[in-house]
Amino acid sequence: MTSSVISNEIYVILGASGNTGSIVANSLLSAGKKVRVVGRDSGRLQRFVNKGAEAFTADMSDAVALAKAFRGARAAYLMLPPAKSREEQERDSDNVAKAVKESGLSYAVHLSSYGAQVAQGAGPVSGLHSSEQKLNAIEGLNVLHLRAAYFMENNLAASGMIHQMGILGNALLPELKIPMAATRDVGDYAAQRLLHLDFSGKQTRELLGERDLSMTEATAVIARGIGKPDLRYQQFPYDQVQQALTQLGVPPKGAAMYIEMYKSINAGVLVPLEPRSLENTTPTSFEQFVQEVFAPAYRGKVPIA
């Protein structure tokens, strides 16, 4: 009797077609778990359905549909979509929390960010602080907030700039060392904790990547990896970065929010709280990321969504 109950337990994955969610979904499917993948676009969920997952189409703006998706689940991977504004981020986190509460979900791993202790003035990271607080207020929910480092994948956005301008630039200070993690390591860690459900109450865990890196150091690694030894990092003024983001299609409120995040990183406000340890250090080095992800994307001129 017991084994059939265990095999029928469903794990719900929000953002299953994204960088971390796809890793979580695939890991749980490989472990023989029943997985319900949630997303706005059923077509993007098809690859998981082909592996035995159940697809559930729902929008973050629909708390009723989300509650339905969570119903009867053993555990869930929670994340918010890339924010177009703080207002939208608040609305999304309200809906997720409401759905979690109404469904009676017992376990959740929530994708947050390092620096999520900063309640205001850190752009989307402060939105994740708010999301953590809402989930912490739910009685009976065991939740693990994964405060992930700056994603190595964020650097992929510079691919076109390197092709066109021969430089790599953003708003971060050149010599400021920050933790950078590969999204696959974050997804792997989330999947392991969901498989073991070895957390209780309200907990946080920072995931700080393999080591801290400055943008100057990261650019040097990219330069070697793509065979452009002269590639240099350039810090751009905030207004230029904001303009570039809007030109890339980021809504003005969203662009302003990311600038706020860059400012809080540069000012040393947005920082990790945990000392680096075996537990919060993840395996993929930036060199490995460049070799396996960045260089192929750069050479293939793959459009980075």
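Everything discussed here concerns the structure shown above.
Because the structure is predicted, anything quoted here is derived from the model rather than measured. (Residues numbered from 1 in each chain as written. Predicted model: local features only at pLDDT ≥ 70, side-chain atom pairs only at ≥ 80, totals over all residues. Heavy atoms only, no water.)

Visitor: Could you clarify how one ought to interpret the packing of aromatic side chains in this entry?
Guide: Centre distance and the angle of the planes are the two values used to describe a pair of aromatic rings. Evaluation of the coordinates by the stated rule reveals 3 aromatic pairs. Geometrically, the ring pair formed by Tyr107 and Phe199 is edge-to-face, given 5.6 Å between the ring centres and 85° between the ring planes. Of this pair, Tyr107 sits in strand β5 (residues 107–113) while Phe199 sits in the loop between α8 (183–196) and β10 (202–207); the two residues are 92 residues apart in sequence, bridging distant segments of the chain. (Phe/Tyr/Trp six-rings, centres within 6.5 Å; stacked < 30°, edge-to-face > 60°. Helix = DSSP H or I, 4+ residues; strand = E, 2+ residues; numbered from the N terminus.)

Visitor: Help me understand the sheet that holds strand β3 (residues 54–57), please; the structure alone is not making it clear to me.
Guide: One key point about sheets: their strands pair by backbone hydrogen bonds, in either a parallel or an antiparallel sense. With parallel pairing, 7 strands are arranged side by side in an open sheet as β3-β2-β1-β4-β5-β6-β10. Taken across any chain shown, the strands that pair with only one partner, and hence form the sheet edges, are β3 and β10. When the angles between neighbouring strand axes are averaged without regard to direction, this sheet yields 20°. When strand β1 (residues 10–14) meets strand β2 (residues 34–39), the two strands line up parallel, connected through 5 bridges. Bridge pairing in β2 links Tyr11 to Val35. Sitting on the sheet, α8 touches β1, β4 (73–78), β5, β6 (142–148) and β10, and the angle it makes with β6 is about 165°. (Pairing = 2+ DSSP bridges. Axes fitted to C-alpha atoms, helices over the stretch in contact; angles between N-to-C directions. Contact = heavy atoms within 4.5 Å.)

Visitor: Would you mind showing me how to read the nonpolar core here?
Guide: A general trend in soluble globular proteins is that nonpolar side chains are found buried together. Counting residues in hydrophobic clusters, the biggest one holds 57 residues, and the most contacted among them are Leu14, Leu66, Phe70, Tyr77, Leu78 and Val100. Those residues in contact with Phe70 that sit more than four places away from it in its chain are Val12, Leu14, Arg36, Ala76, Leu78, Val96, Ala99, Val100, Ser103 and Leu105. Membership of the second largest hydrophobic core comes to 43 residues, among which are Val118, Ile178, Tyr233 and Ala255. (Core = buried A, V, L, I, M, F, W, Y, C linked by side-chain atoms within 4.5 Å. Buried < 20%, exposed > 50% of the residue type's maximum accessible area, 1.4 Å probe, protein only.)

Visitor: It is not clear to me how the pattern of salt bridges should be interpreted in this structure. Could you clarify?
Guide: Pairing is possible between side chains that carry opposite charge, provided their charged atoms lie close to one another. All chains considered together, the criterion is met by 15 salt bridges. The residue Glu87 makes a salt bridge to Lys253 at a minimum N-O spacing of 3.6 Å. Here the residue Glu87 occupies a position in helix α5 (residues 86–103), and Lys253 occupies one in helix α11 (residues 252–266), the gap between them amounting to 166 residues. Since its relative accessible area comes to 48%, Glu87 is described here as partly exposed. We classify Lys253 as exposed; its relative accessible area is 53%. The shortest N-O distance in the salt bridge between Lys134 and Glu90 comes to 2.7 Å. Note that Lys134 is positioned in helix α6 (residues 124–136) and Glu90 in helix α5, a separation of 44 residues in sequence. We classify Glu90 as partly exposed; its relative accessible area is 22%. Via salt bridges that share partners, Arg86, Glu90, Asp94 and Lys134 belong to a single interconnected network. (Salt bridge = Lys/Arg side-chain N within 4 Å of Asp/Glu carboxyl O.)

Visitor: Which parts of the structure should I look at to understand the packing of helix α9 (residues 215–225) against helix α12 (residues 286–299)?
Guide: Geometry of a packed helix pair, given as the angle between the helix axes and the separation of the axes. Direction vectors running N to C along α9 and α12 enclose 55°, while the axes themselves pass 9 Å from each other. Here α9 lies oblique to α12, going by the angle between them. Crossing handedness for the pair α9 and α12: right-handed. For the pair α9 and α12, the contacting residues are Ala218, Val221, Ile222, Arg224 and Gly225 in the first and Phe286, Glu287, Val290, Phe294, Ala295 and Arg299 in the second. Looking at the contact of α9 with α12 residue by residue, the classes come out as 7 nonpolar, 1 polar and 3 charged. (Parallel < 35°, antiparallel > 145°, perpendicular 65-115°, else oblique. Left-handed = near helix turned anticlockwise from the far one by under 90°. Nonpolar A, V, L, I, M, F, W, Y, C, P; charged D, E, K, R; others polar.)

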